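Results of the structural survey
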Amino acid sequence: MKIAPISNELFERAQHSIPGGVNSPVRAFRAVGGNPRFMVSAKGPYMFDEDGNQYIEFINSWGPMILGHAPEMVQQAVQEAIPNSLSFGAPTRKEIEIAELIISMVPSVEKVRMVNSGTEATMSAIRVARGYTGRSKIIKFEGCYHGHGDSFLIAAGSGAITLGVPDSPGVTKGVALDTLTAPYNNLEAVKALLNANPGEVAAIILEPVAGNMGLVLPKPEFLQGLRQLCDQDGIVLIFDEVMTGFRLAPGGAQELYGVTPDMTTLGKIIGGGMPVGAYGGKKEIMDYVAPAGPVYQAGTLSGNPIAMSAGMAMLQHLHSNPSIYNQLESTTTTIVEGMKENMQKLGLNYSINQVGSMFSIFFTEQPVTDFESAKTSDTALFGRYFNAMLQRGIYLAPSQYEALFVSTAITDELVSKYLQANFEALQEAQQ
Ligand code: PLP
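Given the structure is predicted, the values throughout are model-derived calculations rather than measurements.

Reading guide: rules and limits
Throughout, residues of each chain are indexed from 1 in the direction in which the sequence is written. Totals for whole chains, interfaces and linings use all residues, but because this is a predicted model, local features are given only for residues with pLDDT of at least 70 and pairs of side-chain atoms are given and counted only at 80 or more. UniProt positions are given in the numbering used here, feature names are shortened, and annotations may be inferred rather than shown by experiment. Helical segments are the DSSP runs of H or I of at least four residues, strand segments are the runs of E of at least two, and each set is numbered from the N terminus. In this description, a residue-residue contact is defined by the distance between C-beta atoms placed from the backbone, which must lie within 7 Å. A fitted line through C-alpha atoms represents every axis, and for helices the fit uses only the stretch in contact; the resulting angles, taken between N-to-C directions, go from 0 to 180 degrees. When the near helix sits turned anticlockwise from the far one by under a right angle, the crossing is termed left-handed; a clockwise turn instead gives a right-handed crossing. Basically, the charged four are Asp, Glu, Lys and Arg, the nonpolar ten are Ala, Val, Leu, Ile, Met, Phe, Trp, Tyr, Cys and Pro, and anything else, Gly included, counts as polar. Between the first and last residue of a helix there are one fewer steps than residues, each counted as 1.5 Å, and that sum is the expected span. A residue is called partly exposed when the number of other C-beta atoms within 10 Å of its own lies between 12 and 20, exposed at 12 or fewer, and buried at 20 or more, with C-beta atoms placed from the backbone.

Thoughts on the UniProt feature "modified residue: N6-(pyridoxal phosphate)lysine" (unreviewed entry) in the protein
The feature "modified residue: N6-(pyridoxal phosphate)lysine" (unreviewed entry), as given by UniProt, occupies Lys268 in the numbering adopted here. Mapping Lys268 onto the fold places it in the loop between β11 (263-266) and β12 (277-281). Those residues in contact with Lys268, other than ones at most four positions away along the chain, are Trp62, Gly63, Pro64, Gly118, Val242 and Met243.

Regarding the packing of helix α3 (residues 93-105) against helix α10 (residues 305-320)
Between α3 and α10, the least distance of the axes is 10 Å, while the angle of their chain directions is 35°. For α3 against α10, the interelement crossing comes out left-handed. Seen from α3, the contacting residues are Lys94, Glu95, Glu97, Ile98, Leu101 and Met105; seen from α10, they are Pro305, Met308, Ser309, Gly311, Met312, Leu315, Gln316 and His319. Among the residues making up the contact of α3 with α10, the classes are represented as seven nonpolar, four polar and three charged.

Considerations on α10
The end-to-end C-alpha separation of α10 is 22 Å, in line with the 22 Å expected for 16 residues at 1.5 Å each. Here α10 lies mainly inside the structure; twelve of its 16 residues are buried. Taken residue by residue, α10 has Pro305, Ile306, Ala307, Met308, Ser309, Ala310, Gly311, Met312, Ala313, Met314, Leu315 and Leu318 as its buried positions. For α10, the secondary structure elements touched by its buried residues are α2 (72-81), α3 and α11 (323-346).

A look at the environment of Leu346
Position of Leu346 relative to the elements: it lies in helix α11. With sequence-adjacent residues up to four places away left out, Leu346 is seen in contact with Leu426 and Gln427.

Shown next as structure tokens:
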């Protein structure tokens, strides 16, 4: 049984100086009940909190730690870079090397610009798509998250499909009107939006595998269908691979599914744990970015030498060890199959989605293919399950609507521990 009096005390203190006590909302445990654990260190598959509790990691910093925490080669690269400078604000060789490596790995990327987060990457990508096409509107999908840029904080609902409605105070109606939304996996809805807004749509942006409503896979014809619609109407197809990039394959979901977008946004793994994002795509589009072209986008710390060193070490490792992806998929499949067996023993039948090293259990019996079906999940039950797992030393994302990430540090022994905890937690959560 994990108790956490120091974390509880820190959370109480944090709320006086930090909104909600956390620097990113999902870190709070509001959706599941209880208080967040305050971490002090992490290594391999484990994180350790202020109270000395050890947790087996299935969030991995929300994706970046695909090799587990603090991999030697990334730490060493950072240590070697530190004495040279923490930031130059001038170009470096390393920026070219990482750009060349990304271009060699990600099929759609012919030129790439480094930024500091996934949010910056998506905000910049749609600005470039608008500048390139001379059009204003974008289409996004219900339940997809593209960071906290105003244009993306738009909820869909019956009325919102043709008329964007802001999801967060502070997003203006004007901005919302330029964001059209469609249900994930629904090509007909996209066609209807395009018919209703002829010649006005600059970009269609999506997570090619959605990880922000829990894990939702694209239907076989979905990505290809979007590709065709974009080709027909001169629309920029943007894959937001902040989560899936370098995770599902060296070239991300676009490599896995064989569909090449016009632009790609990247984040998480690309920085090896440092704050990094990137956007890239076809040369003719990327040459619209300043100073090559007229679309302005800049960053004081973009291409930061420490972050580039960490990212480079991570990407080089993945690039030269592609068998990692088979290992990750095989570990994750063992986990998912084990969870299904556990459920069978307990007479339960919840929905599980998996691709590669990402998976989600949804506390609903219906297949989850979009946000509407994801929302049929019993979130109170998820909260009980989450806390029962936490008590058994398994650290999951504190929300039903998140994907879990498996790292290469998860051994067979840890899979067994996870599955034992999963069996007990499923049982406990029913009561
Ligand atoms: N896009 C996707 C698909 C994401 O999952 C996220 C973050 O989780 C973002 C964009 C935003 O990235 P960041 O949190 O680095 O701003």
